[in-house]
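Survey of secondary and tertiary structure
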Amino acid sequence: NRELTRASLMGNRIGKDGCTSIGRLLKNPDSKLKSLILRHNFIDNECAAVLAESLFGNNMLNNIDLDRNERVTAKGLMAFLHLISKTPDATIRLTARWRSPDSTDGTSAVLKIKRDVPLHNLAAQL
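What comes next concerns the included structure. Being a predicted model, the structure only gives us computed values, none of them experimental.

**Some thoughts on unusual backbone geometry**
Backbone geometry at Arg-13 places phi at a positive 50°, although glycine is not the residue there. Here Arg-13 lies in the loop between strand 1 (6-8) and helix 1 (15-27).

**Points about the environment of Leu-83**
Locating Leu-83 in the fold gives a position in helix 3 (residues 74-85). Sequence separation of Leu-83 and Phe-56 is 27 residues, and the distance between their C-alpha atoms is 8.1 Å. For Leu-83, the residues in contact, after removing those within four places along its chain, are Ala-49, Ala-52 and Glu-53.

**Overview of the environment of Asn-58**
Its location among the elements puts Asn-58 in the loop between helix 2 (45-54) and strand 3 (63-66). One polar contact links the side chain of Asn-58 to the main-chain carbonyl oxygen of Leu-26, over a distance of 2.8 Å.

**Considering the packing of helix 2 against helix 3**
In a packed pair of helices, the relevant descriptors are the angle between the two axes and the axis-to-axis distance. Closest axis-to-axis distance for the helix 2/helix 3 pair is 9 Å, and the angle between their directions is 10°. When the interaxial angle is binned, helix 2 and helix 3 end up roughly parallel. Two secondary-structure elements touch here, helix 2 through Asn-45, Ala-48, Ala-49, Leu-51, Ala-52 and Glu-53 and helix 3 through Gly-76, Phe-80 and Leu-83. For the contact of helix 2 with helix 3, a count of residues per class yields 6 nonpolar, 2 polar and 1 charged.

**Overview of the nonpolar core**
By size, the foremost hydrophobic cluster in this structure holds 25 residues, and its most contacted members are Leu-36, Ile-43 and Phe-80. With residues up to four places along the chain from it excluded, the contact list for Phe-80 reads Ala-48, Leu-51, Ala-52, Leu-55, Ile-64, Leu-66 and Leu-94.

**Structural notes on the side chain of Asn-41**
Here Asn-41 shows up in the loop between strand 2 (35-37) and helix 2. Overall, the relative accessible area of 0% leaves Asn-41 in the buried class. Within polar-contact distance, the side chain of Asn-41 engages the backbone nitrogen of Ile-14 at 3.4 Å. A polar side-chain atom of Asn-41 sits 3.1 Å from the main-chain carbonyl oxygen of Arg-39. Sequence-distant contacts of Asn-41, defined by excluding residues within four places in its chain, comprise Leu-9, Met-10, Gly-11, Asn-12, Arg-13, Ile-14, Gly-15, Arg-68 and Asn-69.

**Observations regarding helix 2**
Taken residue by residue, helix 2 has Cys-47, Ala-48, Leu-51, Ala-52 and Ser-54 as its buried positions. In a view along the axis of helix 2, the buried residues occupy a sector of 165°, so they form one face of it. Looking at the buried side of helix 2, the elements it contacts are helix 1, strand 3 and helix 3. The opening residue of helix 2, the one whose side-chain oxygen lies 3.2 Å from the backbone nitrogen of Glu-46, is Asp-44.

**Focus: the pattern of salt bridges**
Counted by the stated rule, this structure contains 3 salt bridges. For Asp-67, the salt bridge is made with Arg-39, and the minimal N-O distance between the two is 3.7 Å. With Asp-67 in the loop between strand 3 and helix 3 and Arg-39 in the loop between strand 2 and helix 2, this residue pair connects regions lying 28 residues apart in the sequence. Of the residues examined, Asp-67 reaches a relative accessible area of 6% and is grouped as buried. Via salt bridges that share partners, Arg-39, Asp-65 and Asp-67 belong to a single interconnected network.

Analysis parameters
- Residues numbered from 1 in each chain as written.
- Predicted model: local features only at pLDDT ≥ 70, side-chain atom pairs only at ≥ 80, totals over all residues.
- Heavy atoms only, no water.
- Helix = DSSP H or I, 4+ residues; strand = E, 2+ residues; numbered from the N terminus.
- Contact = heavy atoms within 4.5 Å.
- Polar contact = N/O pair within 3.5 Å; in protein donor to acceptor, adjacent residues only side chain to side chain.
- Axes fitted to C-alpha atoms, helices over the stretch in contact; angles between N-to-C directions.
- Parallel < 35°, antiparallel > 145°, perpendicular 65-115°, else oblique.
- Nonpolar A, V, L, I, M, F, W, Y, C, P; charged D, E, K, R; others polar.
- Core = buried A, V, L, I, M, F, W, Y, C linked by side-chain atoms within 4.5 Å.
- Buried < 20%, exposed > 50% of the residue type's maximum accessible area, 1.4 Å probe, protein only.
- Arc of directions from axis to C-beta.
- Salt bridge = Lys/Arg side-chain N within 4 Å of Asp/Glu carboxyl O.

Shown next, in the form of structure tokens:
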């Protein structure tokens, strides 16, 4: 759908196949999607990487919500941020919750990230 600007797939357990399909949508130059809500989908580090890679060249999406995907670890989130930091010419709002290896509790954050900024500069902003 070329007119779709917001999609909420909250709680659908989309898995790797779903991430791959969403990745294809995000890579489509005709996509008008600006906001993508993927809370509670059992997304793991591998799926997060697929999504991040698909954002390269996508200047439309400015909000992605990955909150409550406890299978994304701090390491997976850093890999996601690293890939996003390489995409040029846009700012993206990322909502995420990740699990620390030392804790049973998760940590949540809302990050507004200027894309095409070196990762060490992102860490300084956090």
